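# Inside the fold
So you can see what is in the structure, the chains are spelled out below.
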Amino acid sequence: MRRGILLLLFFFSAFCVRIYAEEIPAAEEWDPVSIGPATTWTAATCGKGELLLQPFFLYHRIRGTFNAQGQYDSLPQGDRKSQYQELLFMQYGLTERLEVAGQLTYQQNFIKQAGLKARGRGFGDTYLFLRYCLWEEEKILPHLTGLFQLKIPSGKYQKADAAKLGADLMGDGSYDHGYGIILTKRVKPFVIHADLIYSFPLERKIDGTKTQYAGYLNYDFGLEYFLPRGFNLLLELNGFLEGDQKDNGAKIPASDSSSLAIASGIGWSCDKIQALLAYQRALTGTNTDANDSVVLTLAYTF
């Protein structure tokens, strides 16, 4: 008798659980909202007809340089070098998988050298982008997006004023076309991002010299850790590699450049607005500045 009652209760309970489960929709897939890393691309593209505006506010303090041997040399005592940048990044979805984007830069350079002071301001180089989603994330496969980018030399790159100590130069003068891939993968509570972009500069005449910058590689890795109430933490690595430059067809020895930087930050996001505050520090490099940078960025989707 007792076994019969227990079996009856078991089947009745199973029936109730089944009915309850059918009435409740399946739990939504974990898909947190964030602005993404400070530098690393995210693979997601804008939806068709969506417009995203994202201003950046950056402060760079140059504390020294990494020489051709990769050794760090601090600025001489009393010297100062810094830069403010205001960037406007825009994305627009042409289709559900294809988007166009652009980036405008305005900057101010400040230099104090051997008791002399100089400053300059103006527009930097402009970037145009085209991105296409090759496939969205599925099981073990990451979200994968292809990238084409074009750098346009809209910043001043020649006829420097000697009294400005180089502060009036805002760009390098070359048109660069680049190609890359972007990966994003969700592993709750983390989201992993990575990109790899190789660019080909075109030869330009700069101050009367035929200048051919070498091809260069940007590689980035970003890791987001998501917290309750829309917050997330960021850890990021950003790398750069470039070969030797040529002037009038002759290669300049030891003119190659490289850098590796690390960044950390905190973000907050909701469906329409996202924000990120990050700190970035150059760890090592060759023939490049050693920067400490603060990045504040906001994004709004229309």
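Here goes a summary of the coordinates provided.

## Details of the nonpolar core
- Residues Trp41, Phe56, Phe89, Phe129, Leu147 and Leu276 are the most contacted members of the largest nonpolar core, which totals 20 residues.
- Put simply, the parts of the chain that give this core at least two residues each are β1 (51-66), β3 (80-93), β17 (273-286) and β18 (288-301).
- The greatest single-element share of this core, amounting to three residues, is contributed by β1.
- Apart from the residues within four sequence positions on either side, Leu276 is in contact with Ile35, Gly36, Pro37, Ala38, Leu234, Gly265, Ile266, Gly267, Val295, Leu296 and Thr297.

## Notes on the sheet that holds strand β11 (residues 209-212)
- If you trace the four strands from one edge of the open sheet to the other, you get β10-β11-β14-β15, paired in antiparallel fashion. Looking at which strands have only one partner, the edges of the open sheet turn out to be β10 (204-206) and β15 (250-251).
- Pairing of β10 with β11, which is carried by three bridges, proceeds in the antiparallel orientation. Residue Lys205 lies in a different strand from β11, and its bridge partner there is Lys210.

## A word on the packing of aromatic side chains
- The final tally for this structure, using the stated rule, is 15 aromatic pairs.
- Between Trp30 and Phe226 the ring centres are 5.8 Å apart and the planes differ by 90 degrees, which places this aromatic pair in the edge-to-face class. Of this pair, Trp30 sits in the loop between α1 (2-23) and β1 while Phe226 is found in strand β12 (residues 216-226), placing the two residues 196 residues apart along the sequence.
- Look at Phe226 and you get buried, because its relative accessible area is 13%.
- Arranged with centres 4.8 Å apart and planes meeting at 75 degrees, the rings of Tyr300 and Phe302 form a pair that is edge-to-face.
- Ring pairing ties together the aromatic residues Trp41, Phe89, Tyr127 and Phe129, which thus form one cluster.

## Focus: the pattern of salt bridges
- Overall, the coordinates contain 13 salt bridges when judged by the stated rule.
- In this structure, Arg186 and Asp31 form a salt bridge, with 3.4 Å as the shortest nitrogen-oxygen distance. With Arg186 in strand β8 (residues 176-187) and Asp31 in the loop between α1 and β1, the pair connects residues that are 155 residues apart, well separated along the chain.
- Between Glu137 and Lys185 there is a salt bridge, with its nearest N and O atoms 3.3 Å apart. Of this pair, Glu137 sits in the loop between β6 (126-135) and β7 (143-152) while Lys185 sits in strand β8, and the two are 48 residues apart along the sequence. As far as burial versus exposure is concerned, Glu137 and Lys185 are alike and both buried.
- Overlapping salt bridges, with partners in common, bring together Glu29, Asp31, Glu137, Lys185 and Arg186 in one network.

## Considerations on the pairing of β8
- Across nine bridges, β7 lies against β8 in antiparallel orientation. Considered in β8, the bridge of Gly146 is made with Ile181.
- Here β8 pairs with strand β9 (residues 190-201) via 12 bridges, running antiparallel. Within β9, the residue paired with Thr184 across the bridge is His193.
- Connecting β8 to the antiparallel partner β9 that follows it, the hairpin turn spans two residues.

## Looking at a positive patch on the surface
- A surface patch of positive charge is lined by Arg80, Lys112, Lys117, Arg119, Arg121 and Lys164.
- Here the element with the most residues in the positive patch is strand β5 (residues 116-123); it accounts for three residues.
- Examined against the element boundaries, Lys164 turns out to sit in the loop between β7 and β8.

## Thoughts on the pairing of β11
- Connecting the antiparallel pair β10 and β11 is a turn made up of two residues, with Asp207 showing a positive phi of about 50 degrees.
- Bridging between β11 and strand β14 (residues 246-247) involves two bridges; their strand directions are antiparallel. Within β14, the position partnered with Thr211 by the bridge is Asp247.

## Considerations on unusual backbone geometry
- With an omega dihedral of 5 degrees, the bond running from Lys188 to Pro189 counts as a cis peptide bond.
- When you line up the elements, Pro189 lands in the loop between β8 and β9.
- Backbone geometry places Ala114, a non-glycine residue, at a positive phi of 50 degrees.
- Positive phi is not limited to glycine here, since Ala254 has a value of about 55 degrees.
- Judged by its relative accessible area of 47%, Ala254 falls in the partly exposed class.

The rules behind each value
- Residues numbered from 1 in each chain as written.
- Predicted model: local features only at pLDDT ≥ 70, side-chain atom pairs only at ≥ 80, totals over all residues.
- Heavy atoms only, no water.
- Core = buried A, V, L, I, M, F, W, Y, C linked by side-chain atoms within 4.5 Å.
- Buried < 20%, exposed > 50% of the residue type's maximum accessible area, 1.4 Å probe, protein only.
- Helix = DSSP H or I, 4+ residues; strand = E, 2+ residues; numbered from the N terminus.
- Contact = heavy atoms within 4.5 Å.
- Pairing = 2+ DSSP bridges.
- Phe/Tyr/Trp six-rings, centres within 6.5 Å; stacked < 30°, edge-to-face > 60°.
- Salt bridge = Lys/Arg side-chain N within 4 Å of Asp/Glu carboxyl O.
- Patch = residues over 30% accessible without salt bridge, like charges linked within 9 Å, V, L, I, M, F, W, Y side chains within 5 Å.
- Areas by Shrake-Rupley, 256 points an atom, 1.4 Å probe, with all protein chains shown as cover.
- Lys, Arg positive; Asp, Glu negative; His and termini not counted.
- Charge placed at Lys NZ, Arg CZ, Asp CG, Glu CD.

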